[in-house]
Amino acid sequence: MSTNNIPHVAPERLPELLKAIPKAELHMHIEGSLEPELIFALAQRNGVSIPYASVEELRKAYAFTNLQTFLDIYYAGASVLLQEQDFYDMAWAYLERAATDNVVHTEMFFDPQTHTARGVPVKTVIDGLHRACVDAKDQLGVSAALILCFLRHLSEEEAFAVLEESLPYRDKFIGVGLDSSEVGHPPEKFARVFARCRELGLHLVAHAGEEGPPAYVWSALDVLKVERIDHGVQSSKDPALMARLAKDRVPLTVCPLSNLKLCVFPDLKQHNIRTLLDAGLVATINSDDPAYFGGYMNENWLQTFAATGLDARHAWQLAANSFEGSFIDASTRKVYMDRLDQAFAQFA
Ligand code: ADE
Ligand code: ZN
């Protein structure tokens, strides 16, 4: 199947189709899946105090004006994570939720430096998250992998230190990424550590062009040599960059509800996902930090389609892009693409 021969789907059945199609999630931060209820439960279990009186009060604080106002609350929320079981419980809750959205494969970011700064060993973090990934395959039929992110507001030296501490568990993560405060921390700040990760055979991705300029996307590609760009929505300001992303089929892991909540776009109707797809880019839809931005995977798909008028052909393309952009092997990709076509056939 391709976008030229997908069966006609009646517009009123589009939401049902969006929920049913198998998809891969390529951009979500596992610490961003911590729901307020779990934050309170873990705070109590671990004797950690948090500066909010109730779940409702914490949720009310989720009114962000830009990336930094979100990150301040997100790092505070992660402070309740101390034991291996905490990391397992957080990841398991997300994986169960993802399965109900027909996410069949997920590549989850984690931020070890957020935890090592509080004295939690990297081993504790990775063991808990990885155990949830193993159980997800066995019990939910969801394949899940981990991508270790360096915090870009910290130094490259600190990135090297956490990489070193993580290498004994190299078999439990598939790649590295770059996240946290973007503006003022360009990709080239991490040129050496990404070169080292490349030598180690790790997959490479980086957040770029979320709030930062197209120049950051160029340097993520040309200096860091990343295989995917996380967000990348600012690329539409630079026609030469758009042409490069299309020509090289560089996936963009776009997160519409995140962009809305962090005021990257004033309104979902003005989101540029359609422009990206129409320019032939390998754009995908993802949830970023679903507990903070008001929606998991299907909610991102449903709200984006409703606001921008995307249709069933776009849905097929977005799901196909998610499998093309993922780090699964060719035979697994074929299995998922066949499942995608079967799901469409049921809506003909
Ligand atoms: N960490 C968690 N979510 C993030 C985002 N949207 N951008 C940068 N860093 C993040
Ligand atoms: Zn992100």
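Small disclaimer: the values here were computed from a predicted structure and weren't measured.

K.L.:
Is there a simple way to explain the overall build of the chain in this structure?
P.N.:
A count of helices and strands for the chain gives 17 helices and eight strands. What you see for the chain is a C-alpha radius of gyration of 19 Å, in line with the 20 Å of a compact globule of 348 residues. If you line up the chain on its principal axes, its C-alpha atoms span 55 × 40 × 40 Å. Taking all 348 residues of the chain together, the buried fraction comes to 57%. Looking at the chain as shown, the accessible area adds up to about 13200 Å², and 52% of this sits on carbon and sulfur atoms. For the chain, the distance from the average position of its 31 positive side-chain charges to the average position of its 46 negative side-chain charges is 4 Å.

K.L.:
Can you walk me through the site of ligand 1 in this structure?
P.N.:
The environment of ligand 1 is formed by His29, Leu67, Phe70, Leu71, Tyr74, Asp179, Ser180, His207, Glu210, His231, Asp288 and Asp289. In this structure, a nitrogen atom belonging to ligand 1 sits 2.7 Å away from a side-chain N or O atom of Asp288. Calculation on ligand 1 without its partners gives an accessible area of 250 Å², and the protein chains cover 100% of this total. With respect to the pocket detection grid, ligand 1 is positioned in the largest cavity.

K.L.:
Sorry if this is basic, but what is going on with unusual backbone geometry here?
P.N.:
Glycine aside, a negative phi is what most residues show, and trans is what most peptide bonds show. Even without being glycine, His231 reaches a positive phi, approximately 75°. For His231, the position within the fold is in strand S6 (residues 228-231). His231 sits in the buried class, given a relative accessible area of 0%. Non-glycine residue Arg249 carries a positive phi angle of around 50°. In this structure, Arg249 sits in the loop between helix H11 (239-247) and strand S7 (252-254).

K.L.:
So what exactly am I meant to see when it comes to the coordination of the zinc ion (ligand 2) here?
P.N.:
By definition of the ideal shapes, a tetrahedral metal site with four donors has angles of 109.5 degrees and an octahedral site with six donors has angles of 90 or 180 degrees. For the zinc ion (ligand 2), the full set of protein donor atoms is His27 (NE2), His29 (NE2), His207 (NE2) and Asp288 (OD), at a range of 2.0 to 2.3 Å. Seen from the zinc ion (ligand 2), its four donor atoms lie at angles of 85 to 176°, and the figure they make is irregular. Mapping the donors of the zinc ion (ligand 2) onto the primary sequence gives the spacing H-x1-H-x177-H-x80-D. Among the residues examined, His29 registers a relative accessible area of 4% and is labelled buried.

K.L.:
Help me out: how do you make sense of the nonpolar core in this one?
P.N.:
General note: in soluble globular proteins, nonpolar side chains tend to be found buried as a group. With 104 residues, the main nonpolar core has Phe150, Phe194, Ile229, Tyr292 and Trp301 as its most contacted residues. Considering every element that reaches this core, the biggest residue donor is helix H5 (residues 84-100), with eight residues. Apart from the residues within four sequence positions on either side, Ile229 is in contact with Ala206, Ala208, Val217, Ala220, Leu221, Leu245, Val250, Pro251, Leu252 and Thr253. Membership of the second largest hydrophobic core comes to six residues, among which are Leu26, Val104, Phe323 and Ile328.

K.L.:
Hey, could you run me through the pattern of salt bridges in this one?
P.N.:
Oppositely charged side chains are able to pair whenever their charged atoms sit close together. Enumeration over the complete set of coordinates arrives at 19 salt bridges. Glu156 is paired through a salt bridge with Arg192; the nearest N and O atoms lie 2.7 Å apart. Remark: Arg192 occurs in helix H9 (residues 191-199) and Glu156 occurs in helix H8 (residues 156-166); sequence separation between them is 36 residues. Under the relative-accessibility criterion, Glu156 is labelled buried at 11%.

K.L.:
Just checking my understanding: could you explain the packing of aromatic side chains for this structure?
P.N.:
How two aromatic rings sit relative to each other is set out by the distance from centre to centre and by the angle between their planes. The final tally for this structure, using the stated rule, is 13 aromatic pairs. Taking the centre distance of 4.7 Å and the plane angle of 40° together, the rings of Tyr62 and Tyr292 count as tilted. Here Tyr292 lies in helix H14 (residues 290-293) and Tyr62 lies in the loop between helix H3 (55-60) and helix H4 (67-77), a separation of 230 residues in the sequence. Overall, Tyr292 belongs to the buried group, its relative accessible area being 3%. With 6.2 Å between their ring centres and 10° between their planes, Tyr88 and Trp92 make a pair best called stacked. Of this pair, Tyr88 and Trp92 both sit in helix H5, four residues apart, which is roughly one turn of the helix. Put simply, the rings of Tyr62, Phe64, Phe70, Tyr74, Tyr75, Tyr292 and Phe293 touch in pairs and so form one group of aromatic residues.

Quick notes on the rules
- Residues numbered from 1 in each chain as written.
- Chains lettered and ligands numbered in written order.
- Predicted model: local features only at pLDDT ≥ 70, side-chain atom pairs only at ≥ 80, totals over all residues.
- Heavy atoms only, no water.
- Helix = DSSP H or I, 4+ residues; strand = E, 2+ residues; numbered from the N terminus.
- Rg over C-alpha atoms; globule rule 2.2 N^0.38 Å.
- Buried < 20%, exposed > 50% of the residue type's maximum accessible area, 1.4 Å probe, protein only.
- Areas by Shrake-Rupley, 256 points an atom, 1.4 Å probe, with all protein chains shown as cover.
- Lys, Arg positive; Asp, Glu negative; His and termini not counted.
- Charge placed at Lys NZ, Arg CZ, Asp CG, Glu CD.
- Near = heavy atom within 4 Å.
- Polar contact = N/O pair within 3.5 Å; in protein donor to acceptor, adjacent residues only side chain to side chain.
- 1 Å grid on protein atoms, 1.4 Å probe; cavity = no way out; pocket = protein on both sides within 12 Å on 5 of 7 lines; lining within 4 Å.
- Sits in = over half its atoms within 2 Å of the grid points.
- Donors = N, O, S within 2.8 Å, 3.2 Å for Na, K, Ca; no water.
- Tetrahedral: all angles 85-135°; square planar, octahedral: opposite > 155°, others 65-115°.
- Core = buried A, V, L, I, M, F, W, Y, C linked by side-chain atoms within 4.5 Å.
- Contact = heavy atoms within 4.5 Å.
- Salt bridge = Lys/Arg side-chain N within 4 Å of Asp/Glu carboxyl O.
- Phe/Tyr/Trp six-rings, centres within 6.5 Å; stacked < 30°, edge-to-face > 60°.

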